[in-house]
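Chain by chain, the residues:
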Amino acid sequence: MSFRSMSDTSSLQATQIAIEQYGDASTLRLREATVPAPETGEVRIRQTAIGVNFVDIYHRTGVYHLQEFPAVLGVEAVGVIDAVGAGVESLHPGQRVAYAGPPVGSYASARNIAADRVLPLPDDIADDTAASMLLRGITAHMLCSYVYPVKAGDTVLVHAAAGGLGLVVTQWAKALGARVIGTVGSAAKAELAKEHGLDEAILYREEDFVAQIMALTKGQGVDYAIDGIGGKTLIETLGTVRPFGMVASIGQVSGDLSPIDLSLLGPARSIAISRPSVFRFVADPARYREGAMATFQQLRSGLRAKVGAVLPLAQAVVAHRRLETGETTGSILLRP
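The model shown is predicted, which means the values in this text are computed figures rather than measured ones.

Burial within strand β3 (residues 42-52) is extensive, with nine of its 11 residues counted as buried. Sheet topology note: the β3/strand β7 (residues 110-114) ladder contains five bridges and is antiparallel. Note on β7: the bridge partner recorded for Ile45 is Arg111.

Another aspect to go through is the domain arrangement of the protein chain. When the parts of a complex come together, some accessible area is lost, and that lost area is often taken as the interface size. As far as domains go, the protein chain holds domain 1 (12-134 + 282-334) and domain 2 (150-275). For domain 1 and domain 2, the distance between their C-alpha centroids amounts to 28 Å. On the side of domain 2, 18 residues touch domain 1, which itself brings 17 residues to the contact. Here domain 1 packs against domain 2, burying approximately 1300 Å² in sum over the two surfaces, 58% of which is carbon and sulfur. The three residues of domain 1 that bury the most area against domain 2 are Tyr58, Gln298 and Arg304, which together make up 35% of that side's buried surface. Put simply, domain 1 and domain 2 have zero salt bridges between them. Scanning the region where domain 1 abuts domain 2 turns up five residue pairs in polar contact (both at pLDDT 80 or more). Elements that contribute at least two residues to the side of domain 1 that touches domain 2 include exactly α1 (54-61) and α8 (285-300).

As a further point, take the sheet that holds strand β1 (residues 12-19). On the basis of which strands lie adjacent, the open sheet formed by three strands has the order β2-β1-β4 and antiparallel pairing. The open sheet terminates on both sides in strands that have one partner only, identified here as β2 (29-35) and β4 (71-72). In terms of strand pairing, β1 meets β4 through two bridges, oriented antiparallel. Residue Ile19 lies in a different strand from β4, and its bridge partner there is Ala71.

Below, the discussion takes up the pattern of salt bridges. Close approach of charged atoms allows side chains of opposite charge to pair. Taken as a whole and assessed by the stated rule, the structure comprises 11 salt bridges. In this structure, Asp82 engages Arg46 in a salt bridge whose closest nitrogen and oxygen atoms are separated by 3.0 Å. Of this pair, Asp82 sits in strand β5 (residues 76-84) while Arg46 is found in strand β3, placing the two residues 36 residues apart along the sequence. For Asp82, a relative accessible area of 0% puts it in the buried group. Since its relative accessible area comes to 30%, Arg46 is described here as partly exposed. Residue Asp223 is joined to Arg242 by a salt bridge in which the shortest nitrogen-to-oxygen separation is 2.4 Å. Of the two residues, Asp223 is situated in strand β12 (residues 222-227) and Arg242 in strand β13 (residues 241-249); the sequence distance between them amounts to 19 residues. On the basis of relative accessibility, which here comes to 13%, the residue Asp223 falls in the buried class. A residue is classified by how much of its surface remains accessible, and Arg242, at 21% relative accessible area, is partly exposed. The network of salt bridges with common partners includes Arg44, Arg46 and Asp82.

In this section: the packing of α1 against helix α9 (residues 316-325). Packing of α1 against α9 leaves a shortest axis separation of 10 Å and a crossing angle of 105 degrees. Taken as axis vectors, α1 and α9 run roughly perpendicular relative to one another. Listed contacts from α9 to Phe54, Asp56, Ile57 and Arg60 of α1 are His320, Leu323 and Glu324. Its residues assigned to classes, the contact of α1 with α9 comprises three nonpolar, one polar and three charged.

Its location among the elements puts Gln315 in the loop between β15 (307-312) and α9. Taking the C-alpha atoms as reference points, Gln315 and Leu334, separated by 19 residues in sequence, lie 7.8 Å from one another.

If you look at the biggest cluster of nonpolar residues, it comprises 88 residues, and the most contacted ones within it are Val43, Tyr107, Tyr224 and Leu334. With 11 residues, helix α2 (residues 127-147) is the single largest residue contributor to this core. When residues of this core are assigned to domains, at least three fall in each of domain 1 (12-134 + 282-334) and domain 2 (150-275). Excluding residues within four positions of it along the chain, Leu334 makes contact with Ala49, Ile50, Val52, Tyr107, Leu311, Pro312, Leu313, Ala316 and Ala319. Counting residues in each nonpolar core, the second largest holds 13 residues, with Ile202, Phe209, Val241 and Ile271 among its members.

What follows deals with the side chain of Glu42. Within the element layout of this structure, Glu42 appears in strand β3. Although buried, Glu42 forms no salt bridge, and the nearest oppositely charged side chain, Arg111, lies 8.4 Å from it. Among the polar contacts listed, one links the side chain of Glu42 to the backbone nitrogen of Glu39, at a separation of 2.9 Å. The residues contacting Glu42, other than those within four sequence positions of it, are Val84, Gly85, Val88, Asn112, Ile113, Ala114 and Ala115.

Moving on: the packing of α2 against α8. At a minimum axis separation of 8 Å, α2 and α8 run at an interaxial angle of 110 degrees. Judged by the inter-axis angle, α2 sits roughly perpendicular to α8. Only Arg287, Tyr288, Glu290, Gly291, Ala292, Ala294, Thr295, Phe296 and Leu299 of α8 make contact with α2, whose side of the interface consists of Thr129, Met133, Leu134, Gly137, Ile138, His141 and Tyr146.

Rules used throughout
- Every residue gets a number counted from 1 within its own chain, in the order that chain's sequence is written.
- Per-residue local features of the predicted model are confined to residues with pLDDT of at least 70, and side-chain atom pairs are confined, for both listing and counting, to 80 or more; whole-chain, interface and lining totals are unaffected and use all residues.
- To obtain the side-chain values, all non-hydrogen atoms of the structure were used and water was disregarded.
- Only protein chains enter the accessibility calculation, which uses a 1.4 Å probe; a residue is then buried when its area is under 20% of its type maximum, exposed when over 50%, and partly exposed in between.
- Each helix is a run of H or I in the DSSP string that is no shorter than four residues. Each strand is a run of E no shorter than two, and both are numbered from the N terminus.
- Should DSSP find at least two bridges between two strands, the strands are regarded as paired.
- Residue ranges labeled as domains rest on an automatic or database domain assignment.
- Contacts were defined at the residue level, with two residues in contact if any of their heavy atoms lie within 4.5 Å.
- Buried area: the accessible surface (1.4 Å probe) lost by two parts on joining, summed over both.
- Salt bridge, as applied in this entry: a Lys or Arg side-chain nitrogen positioned within 4 Å of an Asp or Glu carboxyl oxygen.
- Throughout this description, a polar contact denotes any pair of N or O atoms lying within 3.5 Å of each other; where both atoms belong to protein, one of them has to be capable of donating a hydrogen while the other can accept it, and for residues adjacent in sequence the pair is counted only when both atoms sit in side chains.
- Every axis in this analysis is a line fitted to C-alpha atoms, fitted for helices over the stretch in contact. Angles between the N-to-C directions lie between 0 and 180 degrees.
- For classification purposes, an angle smaller than 35 degrees is called roughly parallel, one larger than 145 roughly antiparallel, one from 65 to 115 roughly perpendicular, and anything else oblique.
- Residues are grouped as follows: Ala, Val, Leu, Ile, Met, Phe, Trp, Tyr, Cys and Pro are nonpolar; Asp, Glu, Lys and Arg are charged; every other residue, Gly included, is polar.
- For this analysis, a nonpolar core means a set of buried residues of the types Ala, Val, Leu, Ile, Met, Phe, Trp, Tyr and Cys, connected via side-chain atoms within 4.5 Å.
- Positive charges come from Lys and Arg, negative ones from Asp and Glu, while His and the chain ends are left out of the count.

Here you go:
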């Protein structure tokens with residue numbers, strides 16, 4: 001493969017997945033677009049692996065608003081720098097790179113992006129591994145180091161423990177010495193989560209997870225609960241946490257979040273609740289790089305990437321539908 005020089009001003013054609021309005025998966029459209037030469041402070045990337053995250057669905061449906069239409073979705077990818085704009089000195093054509101977080105636009109065979117959002121990819125981290133792990137790894141770092149510093153001996157509850165983020169958080173917390181209890185939707189998912197370090201799996205469709213957690217903790221409750229489901233699950237999760245423990249609400253798969261009555265948090269329970277945003281976390285360049293370096297280090301120390309499916313970019317509709325229905329385990333990647 002040949003690469004353009006810094007002074008090259010030519011454009012290239014790219015395939016993109018975009019939406020023109022909020023809606024269901026059928027709003028995703030394949031289109032061709034011209035990607036111009038990168039502007040000052042930008043690089044152009046020919047992408048090799050694109051991560052699919054639930055936040056993409058939030059963007060598609062309007063739960064999280066987009067700035068304009070049409071909009072190319074996606075917040076995570078890996079690729080090779082094709083050209084660099086003026087003022088970019090730390091990156092060069094031919095270099096493998098990754099990125100995670102805003103601005104949207106990763107559902108594309110090529111794109112321009114600000115150089116300060118791009119991370120050089122170490123030689124020992126494969127493209128698919130990085131595309132499936134970077135945003136989730138930074139999220140796990142945020143959850144386990146900033147929201148609640150997980151330590152040896154803690155008991156942590158992870159909802160959807162067999163999902164893309166669930167498997168990462170489970171392994172991350174285990175590496176810090178925690179006992180991890182997870183909810184899963186099937187026996188097969190329970191087995192997968194246990195293969196990735198989960199200590200106890202609760203089949204939430206068949207069991208009362210609150211009662212099961214209290215039994216597993218001998219009535220004490222968990223130290224820390226991480227919930228990406230929202231709705232009724234989040235409210236019930238408040239009853240699984242020990243006094244002065246923490247709940248992190250990181251998603252709303254079940255729908256919009258309803259207001260929470262503060263009386264549900266204390267004084268009888270005396271627990272704290274956090275609504276952390278990984279996008280806010282990565283907006284700080286130092287924390288962004290810290291989270292990425294922590295992810296690379298965890299991968300070198302044994303963190304395992306689970307890629308459940310790799311689909312052509314043109315099948316983004318299929319990827320979204322699988323993610324929404326909970327059919328997948330691990331991560332989904334799109335291949336340009």
